[in-house]
Amino acid sequence: MDMIAVAIAIGFVLFLLFLLRNPFSTSSNPNLPPGSLGWPLLGETLRFLASQRANGGQKFYEQKIKLYGGDIFKTHLLGSPTAVFYSPEGNRFLFSNENKLVQSTWPSSVAHLFGNSLLSKVGDEAKELRKLLLNFLKPEALQIFVGRVDSIITDHVKRFWLGGTQIKAFPVSKRCLFAVACSLFLSMDEGPQQSDLYRHFIDLLNGMIQIPLDFPGTLYRKARIGSNHIREILQTVIEKRRADLASGSASPQQDLLSFLLCNADGHGNALSDDDIKDNIMLLLMAGHDTSVVTVTMLLRHLALNPDCYQKVLKEQMEIKKEKEASQVDLLQWDDLQKMKYTWRAAQETLRLYPPAGGTWRKAIVDISYSGFTIPKGWKLFWTTSSTHKNAEYFKDPEKFDPSRFEGNGPAPYTFVPFGGGPRMCPGNEFARIVILVFIHNIVKNVEWDLVNVNEKVIIDPMPAPVEGLPINLRGRSLTT
Ligand code: HEM
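Because the structure is a prediction, the values reported are computed rather than measured. (Residues numbered from 1 in each chain as written. Predicted model: local features only at pLDDT ≥ 70, side-chain atom pairs only at ≥ 80, totals over all residues. Heavy atoms only, no water.)

On to the overall build of the protein chain. A count of helical and extended segments in the protein chain gives 19 helices and twelve strands. In terms of C-alpha radius of gyration, the protein chain reaches 24 Å, essentially the compact-globule figure of 23 Å for 480 residues. Projecting the C-alpha coordinates of the protein chain onto the three principal axes gives extents of approximately 85 × 55 × 50 Å. Burial statistics for the protein chain: of 480 residues in total, 52% are counted as buried. Carbon and sulfur atoms make up 57% of the accessible area of the protein chain, which amounts to about 21400 Å² in all. (Helix = DSSP H or I, 4+ residues; strand = E, 2+ residues; numbered from the N terminus. Rg over C-alpha atoms; globule rule 2.2 N^0.38 Å. Buried < 20%, exposed > 50% of the residue type's maximum accessible area, 1.4 Å probe, protein only. Areas by Shrake-Rupley, 256 points an atom, 1.4 Å probe, with all protein chains shown as cover.)

Take a look at the structure:
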């Protein structure tokens with residue numbers, strides 16, 4: 001190629017880069033937080049995703065904070081200029097300014113996949129929908145389901161844990177907690193329909209936090225197809241349920257689906273079938289994998305920390321004895337209130353391996369924070385690792401130490417696995433029930449040790465032990 005052709009090619013590339021240059025460049029907005037917006041269009045997304053996978057993004061954030069100082073930096077992630085907030089003060093700022101300065105938002109990949117669900121609602125609409133969902137998810141409403149959760153998990157432990165010598169705890173727990181969610185949300189028992197649903201959920205989860213490239217073969221395309229299959233299955237379930245409710249063979253209180261079909265929001269508006277499908281898909285997604293990660297990593301921590309394990313064991317065996325004496329088989333709400341140490345151990349697991357590393361807000365006006373201006377329209381990201389792994393708030397942060405949650409527990413806005421403010425996770429009580437009932441059933445029935453104590457954990461998009469946490473099992477009745 002002659003020199004003129006090379007010069008034209010270079011000129012063309014530079015011209016393209018000029019056209020694609022970020023409209024939020026520092027030169028036109030001198031008071032932006034420090035940081036780099038990275039490459040045109042891509043920003044720093046690839047670096048961010050790689051760091052997410054390796055260590056939940058912690059290295060990516062820490063390098064920036066070290067470089068720029070302060071508790072905020074700018075970057076460009078998943079298609080949007082983004083300010084990352086990195087302190088308890090930043091968490092407080094974002095959580096307490098919902099609908100005043102910021103609103104909840106999700107990357108376009110997630111927002112599109114979950115259609116008309118709570119994730120895409122803001123302001124009054126979000127408030128009404130959350131109220132409706134919380135009528136099912138609040139502690140008073142969930143109490144009646146504790147026995148049903150226990151019965152499903154008891155059956156699962158009998159089938160997959162007792163009598164086994166080695167299992168992979170992560171995938172086995174996944175099927176179990178998916179069955180729990182299917183029962184409480186849809187009264188769907190294990191069987192071909194649940195297996196289909198499960199398969200499509202795996203595709204949905206794997207493609208959720210991706211650049212939304214909708215081409216054959218991309219993870220995002222698979223996730224989109226998976227979400228459509230899930231909607232088809234849910235539509236069949238809705239139609240059958242509507243008929244069963246009309247004939248009296250289903251009850252309005254039996255599960256989330258009945259509840260949504262029989263109740264309206266505070267303005268008297270009932271949800272459409274499409275809204276019900278999108279919201280149940282969201283709750284199934286948000287509700288089961290997060291708890292699976294927590295129980296799996298808790299099993300790992302208990303195996304690695306014999307002192308903590310002994311305390312959990314003592315607590316759970318006392319409850320087991322009380323149950324045997326009272327001759328009431330299944331766990332009830334009051335039993336869960338006695339699992340104080342076990343819940344602290346679960347909280348410590350959520351600190352070390354939060355299922356969600358952070359979420360997004362969007363600036364609805366120009367925002368001033370820490371002497372910087374964040375323009376209206378920018379995304380704002382808070383992260384769990386800014387505080388969960390910071391020695392200033394959690395001494396010796398890599399150490400598993402449930403006693404951190406005794407007394408008043410961690411300082412405000414430092415322990416935030418469920419987020420905060422008006423968009424805080426509405427499923428935290430559901431998660432607590434499922435986690436405690438699961439651990440009770442495992443601890444009272446089996447002993448376990450890790451096949452590989454050095455097994456690596458990746459974040460994809462949630463923490464996952466790469467080998468699926470293989471464990472050796474011994475039935476407790478044989479050893480105690
Ligand atoms: C250990 C378990 C769980 C963890 C760590 C977790 C964490 C989170 C986090 C960090 C958020 C974002 C909060 C924010 O932006 O401030 C969230 C939102 C949400 N979670 Fe959870 N979650 C868990 C379990 C559940 C369960 C069991 C359900 C449903 C049964 C659920 C349903 C939701 C929903 C619907 C949202 C969106 C709320 C909104 O946009 O207003 N989560 N969760």
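The next thing to look at is the confidence of the model for the protein chain. With 93% of its residues at a pLDDT of 70 or more, the protein chain shows a mean pLDDT of 91. Ignoring residues within four places in sequence, the model shows residues 6–21, a span with pLDDT below 50, making four contacts including any to other chains. (pLDDT = per-residue confidence, 0-100. Contact = heavy atoms within 4.5 Å.)

Quick look at unusual backbone geometry now. Notably, Ser187 is not glycine yet its phi reads approximately 50°, a positive angle. You can call Ser187 partly exposed: its relative accessible area is 28%. With a phi close to 65°, Tyr413 is a non-glycine residue in the positive phi region. Tracing the chain through its elements places Tyr413 in the loop between helix H17 (385–388) and helix H18 (428–445). By relative accessible area, Tyr413 is classed as partly exposed at 33%.

Below, the discussion takes up the coordination of the iron atom of the ligand. Between any two of four tetrahedral donors, the ideal angle at the metal is 109.5 degrees; between two of six octahedral donors, it is 90 or 180 degrees. Counting protein donors to the iron atom of the ligand gives just one, Cys425 (SG), placed at 2.3 Å. Assignment of secondary structure puts Cys425 in the loop between H17 and H18. (Donors = N, O, S within 2.8 Å, 3.2 Å for Na, K, Ca; no water.)

Together, Trp39, Leu42 and Leu46 make up an exposed nonpolar region whose accessible area comes to about 350 Å². With a relative accessible area of 62%, Trp39 lands in the exposed category. (Patch = residues over 30% accessible without salt bridge, like charges linked within 9 Å, V, L, I, M, F, W, Y side chains within 5 Å. Salt bridge = Lys/Arg side-chain N within 4 Å of Asp/Glu carboxyl O.)

With that settled, consider the pattern of salt bridges. Evaluation of the coordinates by the stated rule reveals 29 salt bridges. Taking the shortest distance from any N to any O, the salt bridge between Lys323 and Asp335 comes out at 2.8 Å. On the criterion of sequence distance, the pair formed by Lys323 in helix H14 (residues 306–326) and Asp335 in helix H15 (residues 333–337) is long-range, its members being twelve residues apart. Overall, the relative accessible area of 7% leaves Asp335 in the buried class. Ionic contacts of the salt-bridge type, sharing partners, join the residues Glu322, Lys323, Asp335 and Lys338 into one network.

One open sheet accounts for five strands, arranged S1-S2-S8-S5-S3; its pairing is mixed. With partners counted over all chains shown, the strands left at the sheet margins are strand S1 (72–77) and strand S3 (102–105), one partner each. In this sheet, adjacent strand axes meet at a mean angle of 35° when their direction is disregarded. In this sheet, strand S5 (residues 358–363) lies alongside S3 in antiparallel orientation, the contact comprising four bridges. Within the sheet, the bridge partner assigned to Val102 lies in S5 and is Ala363. (Pairing = 2+ DSSP bridges. Axes fitted to C-alpha atoms, helices over the stretch in contact; angles between N-to-C directions.)

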